[in-house]
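# Commentary on secondary and tertiary structure
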Amino acid sequence: MAVGPTTRRRQLGADLRRLRELKGLTLEEAGARVGVSKATLSRYETKEGSVKWPTVDALCREYDAPEEERLALVELAKAAKIQGWWRSLADPIPDSMNLMLTLEDEVVREDHYACMFIPGLLQTRDYAEAVHRSSERQCPEREVQHMVDIRMKRQELLQRKDPPHVWCVIDEAAIRRTVGGPKVMASQLRHLLTMAKLPHITVQVLPFTTGAHAAAVGSFLILAGQKPDLDVVYVDLIGGGLFMEKPQELERYRLAFQYLKAQALDLESSAQLIHRLSKES
């Protein structure tokens with residue numbers, strides 16, 4: 001998905017389809033009852049494009065949806081048009097980043113496996129700058145600072161009243177790789193330890209002694225929505241990222257993450273290793 005719907009839009013489409021099927025109506029039959037075409041209703045259910053809340057309201061009434069659910073879906077349709085903070089940025093951002101921010105704005109959990117760098121949500125500014133400079137060598141300094149500003153803004157997600165739970169399994173290589181120099185790396189590791197003490201953040205280290213493991217192909221992130229069928233997997237690639245949401249793809253990565261958690265050090269041992277390396281940096 002180069003661009004895509006918000007989590008609200010995706011949830012709305014899934015719920016409308018469920019209600020229609022419970023009512024035993026075809027797309028054509030349901031559309032005729034509220035005055036929209038089969039193609040339009042299909043678009044509503046497949047989570048593509050904008051929706052009109054009066055149409056959503058009419059569909060819910062035709063489907064005999066409970067009053068509470070009808071009102072919730074109408075509000076969902078209205079909220080699907082709300083733009084996130086990143087839409088007001090003066091400088092444009094890549095399409096993949098736009099979708100990432102959209103999805104991340106509404107997650108209830110994030111599962112990270114990081115094999116190269118510390119996950120972005122847990123990076124210090126100096127560390128993030130060093131990562132961007134090494135990854136984008138042809139990038140002007142102004143653009144580097146723009147992307148780092150976005151990363152720092154993203155981290156406000158962790159300060160919300162009801163933040164998502166962030167579980168990170170970090171390869172030992174990522175905490176040993178000296179990014180930005182010894183001082184920057186030592187500060188980053190201390191910051192990682194501080195963040196790991198928060199109740200909604202879990203950090204495990206996958207040690208070298210594990211050997212071959214379930215995600216040897218590279219880093220990934222599972223963005224978990226309010227319902228399992230709203231989950232999305234993000235895989236970072238050079239020049240962008242890949243989003244996957246097919247059930248078989250989700251299941252493969254969920255299972256891989258479960259294996260990684262089982263193979264990683266426990267929380268105390270992980271903290272001890274990070275602490276020791278921060279002293280050595």
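The present account deals with the structure reproduced in this document. Note that the coordinates shown come from a computational prediction; the quantities given were computed from them, not determined experimentally. (Residues numbered from 1 in each chain as written. Predicted model: local features only at pLDDT ≥ 70, side-chain atom pairs only at ≥ 80, totals over all residues. Heavy atoms only, no water.)

## So, the overall build of the protein chain
In terms of helices and strands, the protein chain carries twelve helices and six strands. Of all 281 residues assigned to the protein chain, the portion counted as buried reaches 48%. Taking the contacts inside the protein chain whose residues are at least 6 apart along the sequence as the reference set, 72% of them involve residues at least 24 apart. Surface summary for the protein chain: the accessible area is close to 14600 Å², and the carbon and sulfur share equals 52%. (Helix = DSSP H or I, 4+ residues; strand = E, 2+ residues; numbered from the N terminus. Buried < 20%, exposed > 50% of the residue type's maximum accessible area, 1.4 Å probe, protein only. Contact = heavy atoms within 4.5 Å. Areas by Shrake-Rupley, 256 points an atom, 1.4 Å probe, with all protein chains shown as cover.)

## Observations concerning the nonpolar core
Leu122, Ile170, Ile175, Leu192 and Ile274 are the most contacted members of the largest nonpolar core, which has 26 residues in total. Counting only elements with at least two residues in this core, the list comes to helix H7 (125-135), strand E2 (165-171), helix H9 (172-176), helix H10 (182-196), strand E3 (201-206) and helix H12 (267-280). At six residues, the largest contribution of residues to this core is made by H10. In contact with isoleucine 175, not counting residues within four places along its chain, are Ile118, Ile170, Met185, Leu189, Leu192, Val205, Leu273, Ile274 and Leu277. Ranked by size, the runner-up nonpolar core spans 17 residues in total, among them Leu25, Leu27, Ala65 and Ala77. (Core = buried A, V, L, I, M, F, W, Y, C linked by side-chain atoms within 4.5 Å.)

## A word on the side chain of histidine 132
Inspection of the secondary structure assignment puts histidine 132 in helix H7. Ignoring anything within four residues of it in the chain, the contact list for histidine 132 reads Val144, Met147, Val148 and Arg151.

## Digging into the packing of helix H2 (residues 27-34) against helix H4 (residues 53-62)
It is at 9 Å that the axes of H2 and H4 come closest, and there the two elements cross at 115 degrees. Between H2 and H4, the crossing angle belongs to the class labelled roughly perpendicular. Along this stretch, H2 crosses H4, giving a crossing that reads as right-handed. Counting all contacts with H2, which are made through Ala30, Arg33 and Val34, the residues of H4 involved are Ala58, Leu59 and Glu62. (Axes fitted to C-alpha atoms, helices over the stretch in contact; angles between N-to-C directions. Parallel < 35°, antiparallel > 145°, perpendicular 65-115°, else oblique. Left-handed = near helix turned anticlockwise from the far one by under 90°.)

## Focus on the packing of aromatic side chains
Between two aromatic rings, the relevant description is the distance of the centres plus the angle of the planes. Considering all chains together, one arrives at four aromatic pairs under this definition. With centroids separated by 6.4 Å and ring planes inclined at 80 degrees, the aromatic side chains of phenylalanine 220 and phenylalanine 257 adopt a geometry described as edge-to-face. Of this pair, phenylalanine 220 sits in strand E4 (residues 220-224) while phenylalanine 257 is found in helix H11 (residues 247-263), placing the two residues 37 residues apart along the sequence. An aromatic cluster of three or more residues is present, and its members are Tyr113, Phe220, Tyr253 and Phe257. A cation over a ring is seen here: lysine 261 above tryptophan 167, with NZ or CZ 4.2 Å from the ring centre. (Phe/Tyr/Trp six-rings, centres within 6.5 Å; stacked < 30°, edge-to-face > 60°. Lys NZ or Arg CZ within 6 Å of the ring centre and 35° of its normal.)

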